[in-house]
Amino acid sequence: MTPETNALIDKLAEQHSLTEAEYIHLIETRDADAQALLAGLAREAADAVYGKTVFIRGLIEISNICKNDCLYCGIRRGNADCVRYRLSPEQILSCVDEGYTLGFRTFVMQGGEDGWFTDDILCELIQTIKTRYPDCAVTLSLGERGRDSFARLRKAGADRYLLRHETADAAHYGKLHPEKMSLAYRMECLSDLKALGYQVGCGFMVGSPHQTMAHIAKDLKFIERFRPDMCGIGPFIPHKDTPFRAEPAGSADLTCFLLSVVRLIHPRLLLPATTALGSVTEGGRERGILSGANVIMPNLSPVAVRDKYMLYNNKLSSGPEAAQNLKDLRTCMEKIGYEIVIDRGDSRQ
Ligand code: 5AD
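Notes on the structure in this doc start here.

The rules behind the values
- Residues numbered from 1 in each chain as written.
- Predicted model: local features only at pLDDT ≥ 70, side-chain atom pairs only at ≥ 80, totals over all residues.
- Heavy atoms only, no water.
- Buried < 20%, exposed > 50% of the residue type's maximum accessible area, 1.4 Å probe, protein only.
- Helix = DSSP H or I, 4+ residues; strand = E, 2+ residues; numbered from the N terminus.
- Pairing = 2+ DSSP bridges.
- Right-handed = clockwise from strand over helix to strand, strands pointing away.
- Phe/Tyr/Trp six-rings, centres within 6.5 Å; stacked < 30°, edge-to-face > 60°.
- Axes fitted to C-alpha atoms, helices over the stretch in contact; angles between N-to-C directions.
- Parallel < 35°, antiparallel > 145°, perpendicular 65-115°, else oblique.
- Left-handed = near helix turned anticlockwise from the far one by under 90°.
- Contact = heavy atoms within 4.5 Å.
- Nonpolar A, V, L, I, M, F, W, Y, C, P; charged D, E, K, R; others polar.

This paragraph deals with the pairing of strand β2 (residues 58-63). Burial analysis of β2 places six of its six residues in the buried class, which makes it a mostly covered element. Sheet analysis places β2 next to strand β3 (residues 106-111), joined by five bridges and oriented parallel. When the bridges of β3 are listed, Gly58 appears paired with Phe107. Once you follow β2 into helix α4 (residues 89-102) and on to β3, the crossover reads as right-handed.

A separate point is the pairing of β3. Sheet faces and side chains relate simply in a regular strand, where the side chains alternate between the two faces. Within β3, six of the six residues are buried, which leaves the element mostly enclosed by the surrounding structure. Going residue by residue along β3, you find Thr106, Val108 and Gln110 tucked away on one face and Phe107, Met109 and Gly111 tucked away on the opposite face as well. A crossover links β3 with its parallel partner strand β4 (residues 137-141), the connecting element being helix α5 (residues 119-132), and its sense is right-handed.

Attention now goes to the packing of aromatic side chains. Tallied over the entire structure, the rule returns seven aromatic pairs. With a centroid separation of 5.7 Å and an interplanar angle of 90°, the aromatic rings of Tyr50 and Phe55 are classed as edge-to-face. In terms of burial, Tyr50 and Phe55 fall into one category: buried. Pairing Phe150 with Tyr161 gives two aromatic rings, centres 5.0 Å apart and planes at 75°, and the pair type is edge-to-face. One end of the pair, Phe150, is in helix α6 (residues 147-155); the other, Tyr161, is in strand β5 (residues 160-162), with 11 residues separating them in the sequence. Residue classification places Tyr161 among the buried positions, given a relative accessible area of 0%.

With respect to topology, three strands assemble into an open sheet ordered β8-β1-β9, the strand pairing being parallel. Strands with a single pairing partner mark the edges of an open sheet, and in this sheet they are β8 (295-296) and β9 (339-341). For strand β1 (residues 53-56) and β9, the ladder comprises three bridges, and the chain directions are parallel. Residue pairing across strands places Val54 opposite Ile340, the latter belonging to β9.

The description of two packed helices rests on the angle between their axes and on the distance between the axes. The contact between α5 and α6 brings their axes to 9 Å, and the two run at 20°. Considering their axes alone, α5 and α6 lie roughly parallel with respect to each other. Once α5 is placed against α6, the crossing between them reads as right-handed. When α5 is examined against α6, the residues Asp119, Asp120, Leu122, Cys123 and Ile126 are found in contact with a partner set consisting of Ser149, Arg152 and Leu153. Considering only residue class, the contact of α5 with α6 consists of four nonpolar, one polar and three charged.

Moving on: unusual backbone geometry. Of all residues except glycine, most have a negative phi; of all peptide bonds, most are trans. Residue His210 is not a glycine yet carries a positive backbone phi of 70°. Within the secondary structure layout, His210 lies in the loop between β6 (199-206) and α9 (213-226). Relative accessible area serves as the criterion here: at 46%, His210 is assigned to the partly exposed category. Of note, the phi angle at Arg227 is positive, near 50°, even though the residue is not glycine. Inspection of the secondary structure assignment puts Arg227 in the loop between α9 and β7 (230-235).

Right under this line is the structure:
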């Protein structure tokens, strides 16, 4: 590690901010020593806020039907080989019941942009969950909707919303998405969600096609400014039925490095060790936690649909990734010195 890189890491840990040029330099000159130093500081920062704990969220993938055609995504509308499904509200509620018994206190309803899930249907579902389990948080991850829709869902009891910004560079956004989508509208959704009182999650993929280090530096500056409550960062992984099928997967090392950077930017952030990180490399989730992440989102979807929510090739949905195997996940975390807690796991902002 050069003295300059070392100085940048110290500056980041003290001031929680670098310039774009400094982020680019830090990423480009990183070596194993820099990565280890950064991960150690990131872990210290997370431990100081949250202790040696990991929060869990039960992820329910409610539908893989999507009106969008994002070029990277396996459930894009244009993928005719994707076997589509949609869970009924009853099926979703039984996932929640099962999850509650297993110890989950946050439920994430994630899905493609499926018009069947109208505000009326979602509001009733959210109200039912919140009435049945008032001690639980409801998180939505259902893509772009209008401000009025976000407002209704919030009023019905939704606590949090995850909507990755995907990339903070408009030209890069354009290379990942069809023409009718725009970074400007994505940003509008994110600011609406914040104004409506949601705890908001943004995030991006590492190593997505056409991504440069300058783009990543822009993502980091956006995260500095936007001050999200949560931030999802995982490697891009190609899906065989998308235009990006032949693109290389993002690096697990760089993903972990960026988890550490983001932890130092916002020590209180809720930062998942993503399924994509666990899917791209053996022990990925553990490495994520040791780099500063503090959230894991095991899969609570019905077993029969799990292999259909294929955002990318070889997505994990069994083993410790399955909510039913929480004991195994607990053991994995204990081995690295962390305890899974039964808690809503709100951000300590
Ligand atoms: N590789 C990694 N992550 C992906 N996502 C979608 N497709 C892929 C892929 N091929 C991520 C996007 C989206 C989230 C739900 O999953 O960032 O926001």
